[in-house]
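What the coordinates show
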Amino acid sequence: MRSRTAKLIPLIIFACHLQAYTQWQTNGQNSVVVEKPKTAIKTETELYTSGHTGKTVQLTYMDGLMQPIQNLIRAASPQARDIVQGYTYDADGLQTRQYLPYTIANGASDLRSNWNAEQGNFYNTNGDKIANDNAPYTVSTPERAPLGRLLSEGNVGTDWQPGTGHETQYTYGVNAANTVRLFNPNGTSSGYYPVSELQQLTVTDPDGNEMITYTNKSGQTILMQKQFDESVNGVN
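Cut-offs applied
Residues numbered from 1 in each chain as written. Predicted model: local features only at pLDDT ≥ 70, side-chain atom pairs only at ≥ 80, totals over all residues. Heavy atoms only, no water. Salt bridge = Lys/Arg side-chain N within 4 Å of Asp/Glu carboxyl O. Helix = DSSP H or I, 4+ residues; strand = E, 2+ residues; numbered from the N terminus. Buried < 20%, exposed > 50% of the residue type's maximum accessible area, 1.4 Å probe, protein only. pLDDT = per-residue confidence, 0-100. Contact = heavy atoms within 4.5 Å. Phe/Tyr/Trp six-rings, centres within 6.5 Å; stacked < 30°, edge-to-face > 60°. Pairing = 2+ DSSP bridges. Axes fitted to C-alpha atoms, helices over the stretch in contact; angles between N-to-C directions. Core = buried A, V, L, I, M, F, W, Y, C linked by side-chain atoms within 4.5 Å. Arc of directions from axis to C-beta. Polar contact = N/O pair within 3.5 Å; in protein donor to acceptor, adjacent residues only side chain to side chain.

Some thoughts on the pattern of salt bridges
- If you walk through the whole model with that rule in mind, you get five salt bridges.
- Across the pair Glu35 and Lys55 runs a salt bridge whose closest N-O atoms are separated by 2.6 Å. Separated by 20 residues along the polypeptide, Glu35 in strand β3 (residues 29-37) and Lys55 in strand β4 (residues 55-62) bring together distant segments of the chain.
- Classification of Glu35 as buried rests on a relative accessible area of 9%.
- When the shortest N-O distance is used, the salt bridge between Glu118 and Arg112 registers 2.5 Å.
- Judged by relative accessible area, Glu118 falls into the buried class, the value being 17%.
- On the basis of relative accessible area, Arg112 is assigned to the buried category, the value being 14%.
- Each of Asp90, Asp92 and Arg144 takes part in a single network of salt bridges with overlapping partners.

This is how it looks when you write it as structure tokens:
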């Protein structure tokens, strides 16, 4: 059962460019289709009848909470294949794993029910000039608290996942005594910020280098300290 609710929103930009936004529901699955012309057109008919060389067509499928679960752009790759990207959420509704996009033959079914398997196979196919890897995604670990702050974040590839020692770590705290100087408007300083006056964020990169940022209650950056793993002009 496929029902359609279509709404055309014309945007007149210089040479009469139009964009069409269409809302669909396929087998109970919400989706939005956005059609954008690549060249100037004059009528809605021109937009709808032009092929992939004349317009970009993007389909976004959403769950019951209106969170995107899959994105597809038709004939958008250099070989005119469809580009697909899937999204998943954990039990708390957080997107802790982000997948690389992959391509499928143009004209295939829009909603890919097995996109996860297709994506894994895409990055493990020999002879396609694309690096093979069993982890074509990034994984992040958020704080299980109302703030949901980021605690660690990996990168694409098996060797860069959390737990391998190559992830980025985030540590939160407050300033200690005699750590950050308090400057006056005229540039002079006669003391330091009181203890716990500033928020402190320490970011440790995959190489073990730290960057510490101090911010005030307004979110303004007061001090940033960066660690380098080499000497610059004789200074470590």
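Observations concerning the confidence of the model for the protein chain
- The predicted model of the protein chain averages 85 in pLDDT, with 84% of residues at 70 or higher.
- For the stretch residues 1-17, pLDDT sits under 50, and the model shows 38 contacts to residues farther than four places along the chain or on other chains.

Points about the packing of aromatic side chains
- A complete count under the given rule lists four aromatic pairs for this structure.
- Taking the centre distance of 5.0 Å and the plane angle of 85° together, the rings of Tyr99 and Trp115 count as edge-to-face. One end of the pair, Tyr99, is in strand β7 (residues 97-99); the other, Trp115, is in helix α2 (residues 115-122), with 16 residues separating them in the sequence.
- When the ring of Phe122 is compared with that of Tyr123, the centres are 4.9 Å apart and the planes differ by 80°; the resulting orientation is edge-to-face.
- Residue classification places Phe122 among the buried residues on the basis of a relative accessible area of 18%.
- One aromatic cluster is present, formed by Tyr99, Trp115 and Tyr137 through successive ring pairs.

Examining the sheet that holds strand β10 (residues 150-153)
- Strand order in the open sheet formed by seven strands is β7-β9-β10-β11-β14-β15-β16, and the pairing between neighbours is antiparallel. Edge positions in the sheet fall to β7 and β16 (221-226), since each of these pairs with one other strand and no more. If you compare each strand with its neighbour and ignore which way they point, the axes differ by 20° on average.

Remarks on the nonpolar core
- Counting residues in hydrophobic clusters, the biggest one holds 15 residues, and the most contacted among them are Leu59, Leu72, Val84, Tyr102, Ile104 and Tyr137.
- Listing elements by their share of this core, those giving two or more residues are β4, β8 (102-104), α2 and β9 (137-142).
- Counting residues per element, this core draws most heavily on β4, which supplies three residues.
- The contacts of Ile104, once residues within four sequence positions are left out, are Leu72, Arg81, Asp82, Val84, Ser109, Arg112 and Glu118.
- Ranked by size, the runner-up nonpolar core spans five residues in total, among them Val180, Leu198, Ile212 and Tyr214.

Description of α2
- Of all the positions in α2, only Trp115, Glu118, Gln119 and Phe122 are classed as buried. Viewed end-on, α2 has its buried residues packed into an arc of 100°, placing them on one side of the element.
- Contact partners of the buried residues in α2: β5 (68-73), β6 (82-86), β7 and β8.

Some points on unusual backbone geometry
- Of note in this structure, Met66 is not a glycine but carries a positive phi near 65°.
- Structurally, Met66 is set in the loop between β4 and β5.
- Overall, Met66 belongs to the partly exposed group, its relative accessible area being 48%.
- The backbone phi angle of Ala75 is positive, close to 50°, even though this residue is not glycine.
- As for its placement among the helices and strands, Ala75 is situated in the loop between β5 and β6.
- Classification of Ala75 as buried rests on a relative accessible area of 8%.

Thoughts on the side chain of Thr202
- Mapped onto the secondary structure, Thr202 falls in strand β14 (residues 199-204).
- Of the polar contacts made by the side chain of Thr202, one reaches the side chain of Gln200; its length is 3.5 Å.
- The residues contacting Thr202, other than those within four sequence positions of it, are Gln169, Tyr170, Thr171, Glu210, Met211 and Ile212.

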